[in-house]
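# A closer look at the structure
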Amino acid sequence: MTGRLFRSHAQRALRELESGLTSVTELDGLMHGQLRIGVFRSFGNSLLPAVLAEFYRAHPQVRIAIQQMSLAEMEHGLVNGDLDFAITTYLPATSDRMVSEELFTEPLVLAVGRQHELHGHGPVRLEALKDMPLILRAAGTPSRNLVERCFAARGLTPRVVMEMGNGEATLATIRCSTLATICAGRALDGVPGIARVRIDAPELRRSGAILWHRDRHRSAAAVILAQMAKRAYAQGGAGEST
């Protein structure tokens, strides 16, 4: 009886000690820690830079390493322990070892220059774009897959005449031609000479999310920064650039 009681007290004390050590470690992480975060390639046009600045003001001792990468690279970094978390678009993730927390969802739009016949036009159906020459990302990329799935659901195939992996280069080419692209509307904010045309296709939309490894520990710094990002999107609305 006495032995069992002692063992029970000892186990409880050990759990409290471990909890206390974890709390100290988490606090130390906010004072001297490091965060490694994978982000989508064009995060500069998103709300994230302001979130990072807010986090730095609150926790200036935490070093942050930002890496722009594809979804596949994010998953690889999370599996290998090279990232604390990632912020991505065009879900879902392909690995069952990942869990996600949605940040936003938004429709994609048609981006055209002044030379394009749809410049200043109202909403169009996706069927109206079936023969339109487009600039899209490379085949197999999440954004390209999304566009192709939406076209295929209507028995259509997008007419891709040019592939580009850089959003700025794509918009620069559209500005001086009759070509168009399909992208997130925020990519066009503040871009001169480019108009957005709404596409009547409810499924042509993407989601942004925070991506975690299912089984890895989440540090206090990582959780706080993720919460800041979720709050920013809840207050500021949806949207990223493509």
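Residues numbered from 1 in each chain as written. Predicted model: local features only at pLDDT ≥ 70, side-chain atom pairs only at ≥ 80, totals over all residues. Heavy atoms only, no water.

All told, the structure shown has 12 salt bridges when counted by the stated rule. Among the ionic pairs, R231 bridges to E54, the shortest N-O distance being 3.1 Å. Here E54 lies in helix α2 (residues 48-58) and R231 lies in helix α6 (residues 220-236), a separation of 177 residues in the sequence. In this structure, R206 engages E106 in a salt bridge whose closest nitrogen and oxygen atoms are separated by 3.1 Å. With R206 in strand β10 (residues 205-213) and E106 in strand β4 (residues 98-113), this residue pair connects regions lying 100 residues apart in the sequence. Each member of the pair R206 and E106 is classed as buried. Through salt bridges with shared partners, a single network forms among R125, E127, R154 and E203. (Salt bridge = Lys/Arg side-chain N within 4 Å of Asp/Glu carboxyl O. Helix = DSSP H or I, 4+ residues; strand = E, 2+ residues; numbered from the N terminus. Buried < 20%, exposed > 50% of the residue type's maximum accessible area, 1.4 Å probe, protein only.)

Moving on: the environment of P158. By secondary structure assignment, the location of P158 is in the loop between α4 (142-152) and β7 (159-163). Sequence separation of P158 and L129 is 29 residues, and the distance between their C-alpha atoms is 7.5 Å.

The next point concerns helix α5 (residues 167-175). Among all positions of α5, only T170, L171, T173 and I174 are buried. The arc that holds the buried residues of α5, viewed along the axis, is 160°, so those residues lie on one side. Looking at the buried positions of α5, the neighbouring elements they touch are β4, β6 (133-136), β7, β8 (180-184) and β9 (194-200). One side-chain oxygen of the residue at the start of α5 lies 3.0 Å from the amide nitrogen of E168, identifying that residue as N166. (Arc of directions from axis to C-beta. Contact = heavy atoms within 4.5 Å. Polar contact = N/O pair within 3.5 Å; in protein donor to acceptor, adjacent residues only side chain to side chain.)

On to the nonpolar core, then. One finds L35, L48, F85 and L225 to be the most contacted residues of the largest nonpolar core, which totals 25 residues. If you list the elements that add at least two residues to this core, you get β1 (34-39), α2, β3 (85-89), β4, β10 and α6. At 8 residues, α6 tops the list of elements feeding residues into this core. Those residues in contact with F85 that lie beyond four places of it in its chain are R36, I37, G38, L78, I210, L211, W212, A222, L225 and A226. L134, V147, V197 and A201 belong to the second-largest nonpolar core, a separate cluster that totals 23 residues. (Core = buried A, V, L, I, M, F, W, Y, C linked by side-chain atoms within 4.5 Å.)

Let us look at the packing of aromatic side chains. Counted according to the given criterion, the structure contains 2 aromatic pairs. Centroid distance F85 to W212: 5.0 Å. Interplanar angle 40°. Geometry classified as tilted. One end of the pair, F85, is in strand β3; the other, W212, is in strand β10, with 127 residues separating them in the sequence. Owing to a relative accessible area of 2%, W212 belongs among the buried residues under this scheme. Ring centres 5.3 Å apart and planes at 25° place the aromatic pair F104 and Y233 in the stacked group. Taken together, the residues F104 in strand β4 and Y233 in helix α6 connect sequence positions 129 residues apart. For the pair shown, F104 and Y233 are each scored as buried. (Phe/Tyr/Trp six-rings, centres within 6.5 Å; stacked < 30°, edge-to-face > 60°.)

Looking now at α4. The complete set of buried residues in α4 reads S143, R144, L146, V147, C150 and F151. Within α4, the buried residues cover an arc of 160° as seen down the axis, which keeps them to one side. Among the structural elements, β4, β6, β7, β8 and β10 are those in contact with the buried residues of α4.

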